[in-house]
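Here's the letter readout for the chains.
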Amino acid sequence: MSGDPERVGHREAPILVFEDVVKRYGSILALDGVRFHVNRGEVVCLIGPSGSGKSTLLRCANALEAVDGGRVVFEGIDLADRRTNLVQVRQRIGMVFQHFELFPHMTALHNVTAGLTTVRKVPRPEAEERGLALLRKVGLADKARKHPAELSGGQQQRVAIARALAMEPDVMLFDEPTSALDPETIGEVLTVMKRLADEGMTMVVVTHEMDFARRVADWVVVFDRARVLEQGPPAQIFDQPRVARTREFLSHLGWHADADEPGNGRAGRLGVREREIP
C-alpha cells in the first residue's frame with residue numbers, strides 16, 4: 001500500500017515504483033537517485049526545467065533505457081530482472097512521444113491497428129472495429145483513411161494516443177505530448193488527455209503546461225538537475241511550494257500562486273487554457 005491518504009489509489013500497492021533510480025550517459029548523470037511512486041488510477045505530472053531528467057525517467061519506466069542504479073518496478077515486476085519479459089511489460093505500458101512517431105505510409109486507422117494485428121495477432125476486422133472506436137474516442141473518426149501528412153500536428157498526436165490505447169495499457173506515459181504543436185492545436189490534445197484522466201486512466205505526464213498540471217494532476221513531482229526537488233498534490237506545489245528552486249522555476253514561467261484557488265488538482269482553476277479543456 002502507498003500509505004498516503006492524500007493520494008488516489010493509496011489503499012492498493014503502487015502500480016509503478018522508482019526506487020533510487022540512477023542513469024548515466026558517459027560522464028553525464030541524467031538521473032540521480034530518483035524516488036517516487038505512481039498509484040493505480042492516478043495522474044502524476046512531472047515538471048521542471050528542460051534537461052532535468054524527466055523524459056529520461058519515462059524511457060526508464062518501460063525499459064527503453066536501462067537504469068544504472070536503483071530499480072523500476074511495475075506491478076511488482078523489476079524491469080531489470082533478466083527473467084522479466086520486457087515485450088509483455090511494454091504492451092501494458094503505453095507511451096506517447098513528443099513527435100508522434102506515426103508510420104507515414106499508413107492511414108490513421110492502420111497506425112492505430114498495427115500493434116493489434118502484428119503483436120496481439122488480432123484479426124483485422126476486429127482490430128479495425130476497435131481502431132475506429134478509438135479514433136472516435138479522440139475525435140478523429142472522420143480521419144480514419146487519412147495519412148499523417150494530411151493531418152495537423154494535433155490530429156497526428158491524437159492518432160498516436162489512440163494507437164497507444166489500442167493495446168489496452170495499464171499505464172499511459174506522455175513525454176511532452178504538446179511540445180511540438182502550435183498553440184491552436186495544443187488544446188485539442190489536452191482535452192483528450194483530460195478525458196482519459198476523468199475516466200480513471202493511470203497516467204504519468206512530462207509537461208510544461210502548468211495549467212494542465214495544476215488542474216488535471218493528482219500528484220506533481222518537481223525535477224531539477226537529475227533529482228526530485230519535491231513532490232505533492234498540485235495545491236501544495238503550485239500554491240505553497242516548499243523549495244525555493246520550485247518557486248523560482250514557476251516564477252520564470254509566469255505562474256503566480258495567488259492566481260489560483262485552493263483545492264485539489266482537478267478542482268483548481270485553470271489559467272489561460274481553461275476554455276480549451278471542458
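Cut-off values and rules
- Residues numbered from 1 in each chain as written.
- Predicted model: local features only at pLDDT ≥ 70, side-chain atom pairs only at ≥ 80, totals over all residues.
- Heavy atoms only, no water.
- Buried < 20%, exposed > 50% of the residue type's maximum accessible area, 1.4 Å probe, protein only.
- Helix = DSSP H or I, 4+ residues; strand = E, 2+ residues; numbered from the N terminus.
- Lys, Arg positive; Asp, Glu negative; His and termini not counted.
- Salt bridge = Lys/Arg side-chain N within 4 Å of Asp/Glu carboxyl O.
- Polar contact = N/O pair within 3.5 Å; in protein donor to acceptor, adjacent residues only side chain to side chain.
- Contact = heavy atoms within 4.5 Å.
- 1 Å grid on protein atoms, 1.4 Å probe; cavity = no way out; pocket = protein on both sides within 12 Å on 5 of 7 lines; lining within 4 Å.
- Points joined across faces, edges and corners; volume = space filled by probe spheres on them.
- Nonpolar A, V, L, I, M, F, W, Y, C, P; charged D, E, K, R; others polar.
- Core = buried A, V, L, I, M, F, W, Y, C linked by side-chain atoms within 4.5 Å.
- Pairing = 2+ DSSP bridges.
- Axes fitted to C-alpha atoms, helices over the stretch in contact; angles between N-to-C directions.
- pLDDT = per-residue confidence, 0-100.
- Parallel < 35°, antiparallel > 145°, perpendicular 65-115°, else oblique.
- Left-handed = near helix turned anticlockwise from the far one by under 90°.

(A) Highlighting helix α1 (residues 54-61). The element α1 is largely enclosed, with a buried count of six among its eight residues. The set of residues buried in α1 consists of Lys54, Thr56, Leu57, Leu58, Cys60 and Ala61.

(B) Layout of the side chain of Lys54. Within the element layout of this structure, Lys54 appears in helix α1. With no salt bridge to any partner, buried Lys54 finds its closest opposite charge in Glu176, at an N-O distance of 4.9 Å. From its side chain, Lys54 meets the backbone oxygen of Gly48 in a polar contact 3.0 Å long.

(C) The environment of Glu19, seen in detail. Along the chain, Glu19 falls in strand β1 (residues 16-25). Residue class for Glu19 comes out partly exposed when judged on its relative accessible area of 26%. The sequence separation of Glu19 and Arg35 amounts to 16 residues, and the corresponding C-alpha distance is 4.8 Å. Not counting residues up to four positions away in its chain, the partners in contact with Glu19 are Val34, Arg35, Gly70 and Arg71.

(D) Representation of the layout of surface pockets within the structure. Here the largest pocket is characterised by a volume of approximately 530 Å³. Together, 19 residues line the largest pocket, and Arg90, Met95, Phe97, Arg163 and Met167 are the ones closest to its centre. Sorting the residues of the lining of the largest pocket by element identifies α2 (86-91), β6 (93-96), α3 (108-118) and α5 (153-166) as the ones contributing at least two each. When residues of the lining of the largest pocket are assigned to their parent elements, the largest contribution, five residues, is made by α3. Looking at the lining of the largest pocket residue by residue, the classes come out as ten nonpolar, six polar and three charged.

(E) Representation of the nonpolar core within the structure. Ranked by internal contacts, the top residues of the largest apolar core, which has 51 residues, are Ile47, Ile161 and Met203. Within the second largest apolar cluster, 28 residues are counted, among which are Val34, Leu58, Val171 and Val204.

(F) Structural view of the pairing of strand β9 (residues 219-224). The buried fraction of β9 is high, at six of six residues. With four bridges joining them, strand β3 (residues 43-47) and β9 adopt parallel strand pairing. Opposite Leu46, over in β9, you have Val221 as the bridge partner. Where β9 meets strand β10 (residues 227-232), five bridges bridge the pair, whose relative direction is antiparallel.

(G) Just the sheet that holds β3, in detail. The sheet built from six strands is open, its strands ordered β6-β7-β8-β3-β9-β10 with mixed pairing. One side of each edge strand has no neighbouring strand; the edge strands of this open sheet are β6 and β10. Within this sheet the neighbouring strands show an average axis-to-axis angle of 15°, counted without direction.

(H) Spatial organisation of α3. Of all eleven residues in α3, eight are buried, a share of seventy percent or more. For α3, the complete set of buried residues consists of Ala108, Leu109, Asn111, Val112, Thr113, Ala114, Leu116 and Thr117. Contacts made by the buried residues of α3 are with α4 (124-137) and α5.

(I) Representation of the confidence of the model for the protein. Model confidence for the protein is summarised by a mean pLDDT of 90, while 91% of its residues fall at 70 or above. Scored below 50 in pLDDT, residues 259-278 makes 52 contacts in the model with residues more than four places away or belonging to other chains.

(J) Representation of the sheet that holds strand β2 (residues 28-38) in the model. Read across the open sheet, the four strands follow the order β2-β1-β4-β5; overall the sheet is antiparallel. The sheet terminates laterally at β2 and β5 (77-78), the two strands that pair on one side only. Of the strand pairs in this sheet, β1 and β2 are connected by eight bridges, and their pairing is antiparallel. Bridging from a neighbouring strand, Arg24 pairs with Leu29 of β2.

(K) Focus on the packing of α4 against α5. In the contact formed by α4 and α5, the axes pass within 9 Å of each other and the chain directions differ by 135°. When the axis of α4 is compared with that of α5, the two are oblique. Between α4 and α5 lies a crossing whose hand is right-handed. The residues of α5 that touch α4, namely those facing Arg130, Leu134, Leu135 and Lys137, are Val159, Ala162, Leu165 and Ala166. When its residues are assigned to classes, the contact of α4 with α5 shows six nonpolar, no polar and two charged.

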